[in-house]
Amino acid sequence: MNRRDFLKTGALGVLALMGAGGLMETISASPREVKLPHGRKIDIHAHAMLPSYIEGLKELGIDAAVEEGYPVPQWSEEAHLAFMTEAGIDYTVLSLATPHIYNGDERLTCRVARKINEETAALCQKYPDKFGFVAALPFPSIEGSWQEIAYAMDELGALGVKIPSNARGIYLGDERWEKIFAELDRRKALVIVHPSPAPQVPRQGTVTGRVMALFEYPADTTRAMLNLLASGMLERYPRIKLVVPHCGSFLPYMKQRASAMFAMLSSMKMMEPVDMERSMQKLYFDLAGDPMPDALDMLLRITDKEHILYGSDYPYVPAKVLLGKKGALDQELAKREWLEQVYCQNPQKLI
């Protein structure tokens, strides 16, 4: 049974149990724990720090601790599987972390991306019922990225691709993404966005410039998504299934402002008209980060429960911390009767 069929089988099991009145299973009697739904519970946002990635960064001359202000975390397949068991997660979609693998040398970047995708595919083949992955792309190598999409999705079994918010200053929505988005649309591919720091940030004298995860990650994700929305690419390529990370970053605040600005700019012939509302309705959002107590409600100002997915961000957040965050989230989802929707139904539509 292939990965897609395995997940669909889980979904059918959910429906059968619902009909029998047995949707929920008890995982703990602790008051902080809640009952999670039967079926395949999916984590859409997690990373594997494989040797090919660590060694690839060294080959590219990229120092994660310097660029991100945060060291590459320790990771092992055993520790990740143990976290999944404790968290009640059945299946994880792995994506490339940050820093993005590009240093100006396209040939080397393509070689590093190929190694990462092959090693990640081998891990997923070892645990086909536990792990799937989206492919790393050597963007801004356009031909290299196009070839990697074909190889990873056709030969390695990738579920889609991970794309950075920017690659050396080339943001989503830039015309150089056009060929890549056309191919991803043709394939109806899952596309997971992950932030990268802007090429220039104020690194001295501000904590936001020292530790990218504090502010620059959501800021750059928002910058990239606004540019993508303004470009009209999501309207031209509506079959792409695109996931925005970290509770939508700053989009809940920016949607109204951007919509008004886009309308004004188009009336002044400074940009082409876009249907921002229509494009936003197609986006999916993961809950990596801190959805409780405020971010989930803010996210619901721009989307609905059918477009929300669970994401852990393991191993960038320690397992013990993640379990505490997940406990608070699960209580809120249980109160809203959204557990099965967020953990099972929504992600199964994408993979």
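Look above for the structure.
This text gives an overview of the structure that appears in the document.

For the rest of this paragraph, the subject is the overall build of the protein chain. Scanning the protein chain for helices and strands turns up 15 helices and twelve strands. Taking the intrachain contacts of the protein chain between residues at least 6 apart in sequence as the baseline, contacts between residues at least 24 apart amount to 77%.

Time to look at the sheet that holds strand β11 (residues 284–286). Here we have eight strands laid out as an open sheet, ordered β3-β4-β5-β6-β9-β10-β11-β12, and parallel in their pairing. One side of each edge strand has no neighbouring strand; the edge strands of this open sheet are β3 (42–46) and β12 (308–309).

Here the focus is empty space enclosed by the protein. The tally for this structure, following the rule as stated, stands at three cavities of 30 Å³ or more. Taken together, 14 residues make up the lining of the largest cavity; nearest its centre are Ala48, Ser95, Leu96, Ile116 and Thr120. Elements represented by at least two residues in the lining of the largest cavity include exactly α2 (51–60), α5 (106–126) and β5 (131–135). At three residues, the largest contribution of residues to the lining of the largest cavity is made by α5. Size it by volume and the second largest cavity reaches roughly 60 Å³. Taken together, Leu287, Gly289, Pro291, Tyr310, Gly311, Ser312, Leu322, Lys325, Lys326 and Leu329 form the lining of the second largest cavity. Residues belonging to the lining of the second largest cavity are distributed by class as follows: five nonpolar, three polar and two charged.

Packed helices, taken two at a time, are described by their axes: the angle between them and the distance between them. Contact geometry of helix α6 (residues 142–154) with helix α7 (residues 178–186) gives a least axis separation of 9 Å together with a crossing angle of 10°. Overall, the two elements α6 and α7 adopt an arrangement that is roughly parallel. The two elements α6 and α7 meet at a crossing, and its hand is right-handed. In contact with Ile142, Glu143, Ser145, Trp146 and Ile149 of α6, α7 contributes Lys179, Ile180, Glu183 and Leu184. Partitioned by chemical class, the residues of the contact of α6 with α7 number five nonpolar, one polar and three charged.

Here we come to a nonpolar patch on the surface. Side chains of Val207, Leu214, Phe215 and Phe250 sit close together on the surface and give an oily, nonpolar patch of about 340 Å² of accessible area. Within the fold, phenylalanine 215 resides in the loop between α8 (207–210) and α9 (216–231). Its relative accessible area of 35% is what places phenylalanine 215 among the partly exposed residues.

This next bit is on the layout of surface pockets. Its volume calculated, the largest pocket comes out at about 600 Å³. In this structure, the largest pocket is lined by 23 residues; those nearest its centre are Ala213, His246, Ala288, Gly289 and Asp290. Secondary-structure elements contributing two or more residues to the lining of the largest pocket are α9, α11 (251–267) and α13 (291–299). With three residues, α13 is the single largest residue contributor to the lining of the largest pocket. For the lining of the largest pocket, the class distribution of residues is 15 nonpolar, five polar and three charged. Within this model, the second largest pocket holds a volume of roughly 250 Å³.

Our next topic: unusual backbone geometry. Omega for the bond connecting threonine 98 with proline 99 falls within 30 degrees of zero, at 15°, which places this linkage in the cis form. With respect to the helices, strands and loops of the structure, proline 99 is situated in the loop between β4 (91–94) and α5. Backbone torsion omega between methionine 292 and proline 293 reads 10°, so that peptide bond is classified as cis. In this structure, proline 293 sits in helix α13. With a phi close to 70°, aspartate 313 is a non-glycine residue in the positive phi region. Relative to the helices and strands, aspartate 313 resides in the loop between β12 and α14 (319–336).

On to α9. Taking 1.5 Å of rise per residue, 16 residues should cover 22 Å, and α9 covers 22 Å from first to last C-alpha, within 8% of that figure. With twelve of its 16 residues buried, α9 lies for the most part within the structure. Just past α9, the residue glycine 232 takes up positive phi, approximately 80°.

The rules behind the values
- Starting from 1, residues in each chain are numbered consecutively following that chain's sequence as written.
- Only residues with pLDDT of 70 or above have their local features reported here, since the model is predicted, and side-chain atom pairs are shown and tallied only from 80 upward, although totals for entire chains, interfaces and linings are computed over all residues.
- Side-chain measures were taken over the full set of non-hydrogen atoms in the model, leaving aside hydrogen atoms and water.
- Each helix corresponds to a stretch of at least 4 residues labelled H or I by DSSP, and each strand to a stretch of at least 2 residues labelled E; elements are numbered beginning at the N terminus.
- The contact criterion used throughout is that any non-hydrogen atoms of two residues lie within 4.5 Å.
- Note: two strands are recorded as paired if DSSP finds a minimum of 2 bridges between them.
- Grid spacing is 1 Å over the protein atoms alone, the probe is 1.4 Å, and a cavity is where that probe fits but cannot get out, while a pocket is an open set with protein on both sides within 12 Å along at least five of seven lines and lining residues have an atom within 4 Å of a point.
- Grid points are joined across faces, edges and corners, and a volume is the space filled by probe spheres set on the points.
- Each residue gets one of three labels, nonpolar for Ala, Val, Leu, Ile, Met, Phe, Trp, Tyr, Cys and Pro, charged for Asp, Glu, Lys and Arg, and polar for the others, Gly among them.
- Interaxial angles span 0 to 180 degrees and are taken between N-to-C directions of axes, which are lines fitted to C-alpha atoms, for helices over the stretch in contact.
- By the definition adopted for this analysis, an angle is roughly parallel if under 35 degrees, roughly antiparallel if over 145, roughly perpendicular if from 65 to 115, and oblique otherwise.
- Take the far helix as the reference: if the near one is turned anticlockwise from it by less than a right angle, the crossing is left-handed, and if turned clockwise, right-handed.
- Patches draw on residues past 30% relative accessible area with no salt bridge. Two like charges within 9 Å are joined, as are two nonpolar side chains (Val, Leu, Ile, Met, Phe, Trp, Tyr) within 5 Å.
- Working definition of accessibility: Shrake-Rupley area with a 1.4 Å probe, residue cover restricted to the visible protein chains.
- Salt bridge, as used here, is a side-chain nitrogen of Lys or Arg placed within 4 Å of a carboxyl oxygen of Asp or Glu.
- Only protein chains enter the calculation, and the probe is 1.4 Å; a residue is then buried if its accessible area is under 20% of its type maximum, exposed if over 50%, and partly exposed in between.
- Helices are assigned an expected span. That span is 1.5 Å times one less than the residue count.

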